[in-house]
Amino acid sequence: MLKNYFKLTIRNLGRHKLFALVNLGGLIIGMSACIMIMLYVGFELSYDRFHARGEDIYRLRMDQWEEGRHVYQRAKAFGVIGPALKSEFPEIQEAARLIDLHGIMGNFVLSYKDAKFIEEKVYYADASVLKLFSFKLLEGERQQALTQPHTIVITSSFAKKYFGEEPAMGKSLIMNGDEAFLVTGILEDVPRNSHLQFDFLLSFETLRSEEYMLGWADFLTYVLLKPGVNAEQLNAKLISSNLVAKLLGRESTVQISLQPLHDIHLHSHMEGEAEVNGSAMITYGLLIVAFLILVIAWMNYVNLATARSLDRAKEVGIRKTVGAERGDLIRQFLMESVTLNGVAVLVALLLVAELLPLFNHIFGTSLTFSAYGRFELWGLLLAFFVAGSLASSLYPAFVMSSFQPIKTLKGQFQLLSGKLTLRKVLVVYQFAASIVLIAGTWAVFRQLAFMRHQELGVNIEQTLIVKAPSIADSTYSARLNSFKSELLRYEAIQSLTSSTNIPGRESTWGGTVRRFGDARENAAGVDFTGIDYDFVTAYGMKLLAGRNFSKDFPSDQSAALVNEAALRLLRYDKPEEIIDQKILGWRNAEFEVVGVLQTHHQLSLQHEQPATVFFLRPVGGNFYAIKFKTADFAGTVALIQAEYEKLFSGNPFEYFFLDEYFNRQYQADQRFGQIFGLFAGLAIIIACLGLFALSAFSAVKRTKEIGIRKVLGATTLNLVMLLSKDFLLLLSLANLVALPLAGIIIKKWLENYAFRINLGWDMFVIPAFIVAAIALITVSAQAIKAALANPVEALRYE
């Protein structure tokens with residue numbers, strides 16, 4: 001019987017090629033898009049799932065409160081907290097800390113023989129890091145690898161980078177020209193789906209210092225709970241413990257709490273994150289897009305199947321007359337649906353396999369079929385396909401199998417009556433979904449354009465950033481002055497300034513500041529940036545009050561500049577009020593404020609402008625910012641490199657352009673916009689395929705009516721409007737549904753950005769116009785074809 005059903009299915013599909021091709025094309029496109037999105041979503045959801053006890057691992061977060069206000073939240077904590085947690089709370093089995101000192105101590109230059117590189121993904125780490133996490137250790141002892149001072153664990157890629165084919169274990173890497181670290185372990189490269197990325201782990205024992213433990217809130221701190229511990233109850237104990245104040249030996253409004261490891265990548269966007277995290281809204285938004293696209297494809301099937309019911313009514317009548325039961329007909333129609341959907345799934349899988357490398361190249365992703373697959377995700381996808389295939393076929397199957405044979409054979413059959421049929425509802429859904437997707441795409445690109453063209457408050461154009469040397473001696477200050485003097489002799493170079501941080505890079509030097517004489521509990525969290533005398537001028541920053549640092553004032557060694565955001569935190573209303581006032585910074589360092597700067601965008605416009613205190617550091621910067629006057633970048637870079645290597649021999653010359661570096665922050669948003677736009681376009685293509693077929697069937701069914709109207713004098717325009725008006729009415733109804741929904745969704749998405757566009761009329765009119773134009777062209781093509789046909793042939797029809 002199944003064999004017979006299959007033969008009938010192939011015969012019917014072959015007889016109605018347009019129906020088969022439109023349905024198959026829509027299903028293949030929809031399923032391909034859905035599979036691609038599911039791969040991306042699966043990758044995002046797989047972050048940190050490879051750790052054996054990931055469910056029991058939590059990261060500490062710090063929250064500061066002032067007078068009941070939530071001032072800031074930070075993904076890092078004071079160094080003393082980690083060990084104290086393990087001793088104070090028996091529920092905690094293990095604690096581990098990591099700290100990146102790159103922004104505080106300068107660049108790390110690692111070398112072995114002739115191999116010498118500046119490295120950035122370097123952490124000082126507790127030995128317990130290797131016990132707490134499940135990063136795969138290829139060589140070495142997990143329990144011992146980082147227990148001794150001046151030991152290092154490296155990843156396999158970097159073992160090859162420095163040692164080539166030589167065994168790395170037992171050899172030493174030299175840091176900054178004078179400090180040797182013994183290789184005691186080699187890790188497999190950190191998986192891409194880890195929120196914590198590193199190439200080297202240095203033993204924390206090398207760093208034993210009270211200054212680090214108490215003075216800096218820059219430690220990523222993780223805890224492993226004992227099996228069966230209730231994390232919520234422990235979290236409540238931590239919040240109420242006032243542990244920070246006890247450990248620091250002073251009053252503190254800082255609270256610590258637990259954050260689940262599995263929540264970090266998609267749900268955490270605090271200050272001090274280890275890496276730029278993903279977005280739950282984007283991930284689940286794309287999942288909804290996948291659902292919309294697939295449902296649109298299945299609705300095409302339902303629409304076209306019910307539209308073809310008139311053609312198949314006589315077939316049903318004849319088969320019922322010769323003895324076919326309703327169940328036989330239902331099984332036959334289900335077989336047709338399952339066959340189409342099955343072929344579509346197979347073709348979609350092959351298509352995705354072929355297009356995945358191209359997709360990864362264009363959108364900067366690294367998706368694969370197997371690497372990040374989760375059984376529950378693929379199981380859900382399979383169940384969804386099966387349920388959708390059955391659901392999309394059941395309605396047409398039951399409708400067509402219910403036809404009465406006498407009426408269908410006499411031609412007295414009418415498919416549906418009423419003003420609002422299911423087919424019209426489905427067309428409205430397709431249009432509405434397309435409008436929402438296009439409006440979302442338009443909003444993403446409008447927001448991106450807004451962010452990239454806003455004034456930053458700093459000039460980053462034609463700026464070359466050179467990483468400052470880490471291998472230096474007592475002559476470094478003189479060498480830096482010589483380097484600067486030599487470069488400024490060239491007409492192509494406008495200025496050179498050094499600083500501990502640059503625009504586009506999150507501050508790694510956080511601390512607190514308060515008014516002189518204020519209690520410690522009034523301290524507010526700020527970023528600290530060390531700059532030289534030329535920083536403000538070179539970056540074109542605006543001075544609102546006071547003056548810049550100057551060599552004419554020796555006292556500036558203990559002076560500070562603050563920006564407007566810091567001014568407000570220090571409870572001053574006007575810039576002039578803080579000039580010559582004293583403030584207390586980290587470790588009670590005393591500063592006299594000599595100037596107030598306009599607040600600039602340190603990071604992308606997704607973030608608030610940070611409160612920053614600038615202090616004078618003429619020779620301790622990590623970065624040299626060199627402004628160009630010329631467009632001959634390659635030639636000027638070569639000149640700079642020659643001078644650098646002459647004065648700072650032994651240091652690798654590494655550079656990048658600041659505007660490109662800053663705009664990298666928008667890559668994730670840009671990629672999301674491109675992916676969203678691609679799948680929105682696919683959704684419209686699927687909807688138009690269905691619309692094209694529906695309009696074709698509509699024109700065929702009204703062939704005789706069109707012929708009569710032409711004989712009676714109807715023009716081509718009259719006939720086009722006649723055949724198009726039903727679809728245009730449905731489109732109008734879709735706009736009424738889609739535009740308010742799109743507005744709600746876009747407004748919610750824009751809340752993720754501190755600086756954002758306003759919802760203007762174009763946000764809704766343009767998507768509606770695009771969908772209307774595409775729909776009108778699709779329908780009109782069939783309408784014009786029918787209107788131009790010979791009326792004599794039309795009257796002979798049937």
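Residues numbered from 1 in each chain as written. Predicted model: local features only at pLDDT ≥ 70, side-chain atom pairs only at ≥ 80, totals over all residues. Heavy atoms only, no water.

Observations regarding the overall build of the protein chain
Piece 1. When helices and strands are counted, the protein chain shows 27 helices and 24 strands.
Piece 2. By the burial criterion, 54% of the 798 residues in the protein chain qualify as buried.
Piece 3. A sequence separation of at least 24 residues applies to 80% of the contacts in the protein chain between residues at least 6 apart. (Helix = DSSP H or I, 4+ residues; strand = E, 2+ residues; numbered from the N terminus. Buried < 20%, exposed > 50% of the residue type's maximum accessible area, 1.4 Å probe, protein only. Contact = heavy atoms within 4.5 Å.)

Topic: helix α8 (residues 231-241)
Piece 1. Those residues of α8 that sit buried are Ala231, Leu234, Asn235, Leu238 and Ser241. The buried residues of α8 occupy one face: seen down the axis, they fall within an arc of 130°. Turned more than 90 degrees away from the buried face of α8 sit Glu232, Gln233 and Ser240, all of them exposed.
Piece 2. Of the residues trailing α8, Asn242 is marked for its positive phi of about 55°. (Arc of directions from axis to C-beta.)

What about empty space enclosed by the protein?
Piece 1. Here the structure, examined in full by the defined rule, presents 8 cavities of 30 Å³ or more.
Piece 2. Looking at the largest cavity, its volume works out to about 90 Å³.
Piece 3. Lining the largest cavity, in full, are Val427, Gln430, Phe431, Ser434, Ile684, Ala687, Cys688, Leu691, Val771, Ile774 and Ala775.
Piece 4. Elements represented by at least two residues in the lining of the largest cavity include exactly α16 (422-452), α23 (667-701) and α26 (762-787).
Piece 5. Partitioning the lining of the largest cavity into residue classes produces 9 nonpolar, 2 polar and no charged. (1 Å grid on protein atoms, 1.4 Å probe; cavity = no way out; pocket = protein on both sides within 12 Å on 5 of 7 lines; lining within 4 Å. Points joined across faces, edges and corners; volume = space filled by probe spheres on them. Nonpolar A, V, L, I, M, F, W, Y, C, P; charged D, E, K, R; others polar.)

Let's talk about the packing of aromatic side chains
Two aromatic rings, taken as a pair, are described by how far apart their centres are and by the angle between their planes.
Piece 1. Counted according to the given criterion, the structure contains 30 aromatic pairs.
Piece 2. Taking the centre distance of 6.0 Å and the plane angle of 75° together, the rings of Tyr162 and Phe200 count as edge-to-face. You can see Tyr162 sitting in helix α6 (residues 156-163) and its partner Phe200 sitting in strand β11 (residues 200-203), a full 38 residues away along the chain. Both residues of the pair, Tyr162 and Phe200, count as buried.
Piece 3. Sitting over the face of the ring of Tyr490, Arg489 holds its NZ or CZ atom 5.9 Å from the ring centroid.
Piece 4. Positioned above the aromatic ring of Tyr572, the side-chain terminus of Arg515 is 4.0 Å from the ring centre. (Phe/Tyr/Trp six-rings, centres within 6.5 Å; stacked < 30°, edge-to-face > 60°. Lys NZ or Arg CZ within 6 Å of the ring centre and 35° of its normal.)

A short note on the pattern of salt bridges
Piece 1. Inspection of every chain in the model, using the stated rule, returns 22 salt bridges.
Piece 2. The salt bridge involving Lys467 is made with Glu120; its shortest N-O contact spans 2.5 Å. One end of the pair, Lys467, is in strand β14 (residues 463-467); the other, Glu120, is in the loop between β5 (115-119) and β6 (122-125), with 347 residues separating them in the sequence.
Piece 3. Owing to a relative accessible area of 40%, Glu120 belongs among the partly exposed residues under this scheme. (Salt bridge = Lys/Arg side-chain N within 4 Å of Asp/Glu carboxyl O.)

Some points on the confidence of the model for the protein chain
Piece 1. When pLDDT is averaged across the protein chain, the result is 83; 83% of the residues are at 70 or more.
Piece 2. Every residue in residues 415-420 is under pLDDT 50, and counting partners more than four places away or in other chains gives 10 contacts. (pLDDT = per-residue confidence, 0-100.)

Focus: helix α17 (residues 476-488)
Piece 1. Compared with an ideal rise of 1.5 Å per residue, which puts 13 residues at 18 Å, α17 spans 18 Å between its outermost C-alpha atoms and is within 8% of the ideal.
Piece 2. Every buried residue belonging to α17 is among Tyr476, Leu480, Phe483, Lys484 and Leu487, and all of these are buried. Along the axis of α17, the buried residues cluster in a sector spanning 95°; they form a single face.
Piece 3. Buried residues along α17 sit in contact with β15 (493-499), β23 (623-628) and α21 (633-647). (Expected span 1.5 Å × (residues − 1).)

Focus: the pairing of strand β9 (residues 172-175)
Piece 1. Residues of β9 alternate between two faces, with Leu173 and Met175 buried on one and Ser172 and Ile174 left unburied on the opposite face.
Piece 2. Taken together, the 2 bridges between strand β4 (residues 108-112) and β9 define a ladder with antiparallel strand orientation. Each residue of the ladder has a partner; that of Ser111, found in β9, is Ile174.
Piece 3. Counted along the chain from β9 to the antiparallel partner strand β10 (residues 179-187), the turn is 3 residues long, and its residue Asn176 has a positive phi close to 55°. (Pairing = 2+ DSSP bridges.)

Let's talk about the environment of Leu130
Piece 1. You can see Leu130 is positioned in helix α5 (residues 129-132).
Piece 2. Note: C-alpha distance between Leu130 and Arg142 (12 residues apart in sequence) is 6.0 Å.

So, the nonpolar core
Piece 1. If you look at the biggest cluster of nonpolar residues, it comprises 108 residues, and the most contacted ones within it are Tyr539 and Phe679.
Piece 2. Top element by residues in this core is helix α2 (residues 17-45). It accounts for 16 residues.
Piece 3. In contact with Phe679, not counting residues within four places along its chain, are Ala33, Met36, Ile37, Val289, Ile293 and Phe359. (Core = buried A, V, L, I, M, F, W, Y, C linked by side-chain atoms within 4.5 Å.)

Some remarks on the packing of α17 against α21
Piece 1. Orientation of α17 relative to α21, taken along the N-to-C sense of each, is 160°, at an axis distance of 10 Å. The angle between α17 and α21 falls in the class roughly antiparallel. Crossing of α17 against α21: the hand is right-handed. Between α17 and α21, the residues in contact are Arg479, Ser482, Phe483, Glu486 and Leu487 and Ile640, Glu643, Tyr644 and Leu647, respectively.
Piece 2. For the contact of α17 with α21, the per-class residue count stands at 5 nonpolar, 1 polar and 3 charged. (Axes fitted to C-alpha atoms, helices over the stretch in contact; angles between N-to-C directions. Parallel < 35°, antiparallel > 145°, perpendicular 65-115°, else oblique. Left-handed = near helix turned anticlockwise from the far one by under 90°.)

Here we look at the side chain of Thr497
Piece 1. By secondary structure assignment, the location of Thr497 is in strand β15.
Piece 2. At 2.5 Å, the side chain of Thr497 and the side chain of Asp532 are in polar contact. (Polar contact = N/O pair within 3.5 Å; in protein donor to acceptor, adjacent residues only side chain to side chain.)

Side note on the side chain of Ser498
Piece 1. On the secondary structure map, Ser498 appears in strand β15.
Piece 2. For Ser498, the side chain forms a polar contact with the main-chain oxygen of Pro618, separated by 3.5 Å.

A few points about the pairing of strand β8 (residues 151-155)
Piece 1. Buried residues dominate β8, accounting for 5 of its 5 residues.
Piece 2. Along β8, one buried face is formed by Thr151, Val153 and Thr155 and the opposite face, lined by Ile152 and Ile154, is buried too.
Piece 3. In terms of strand pairing, β8 meets β10 through 5 bridges, oriented parallel. Bridging across to β10, Val153 finds its partner in Gly185.
Piece 4. Across 3 bridges, β8 lies against β11 in antiparallel orientation. Along β11, the bridge assignment pairs Ile152 with Leu202.

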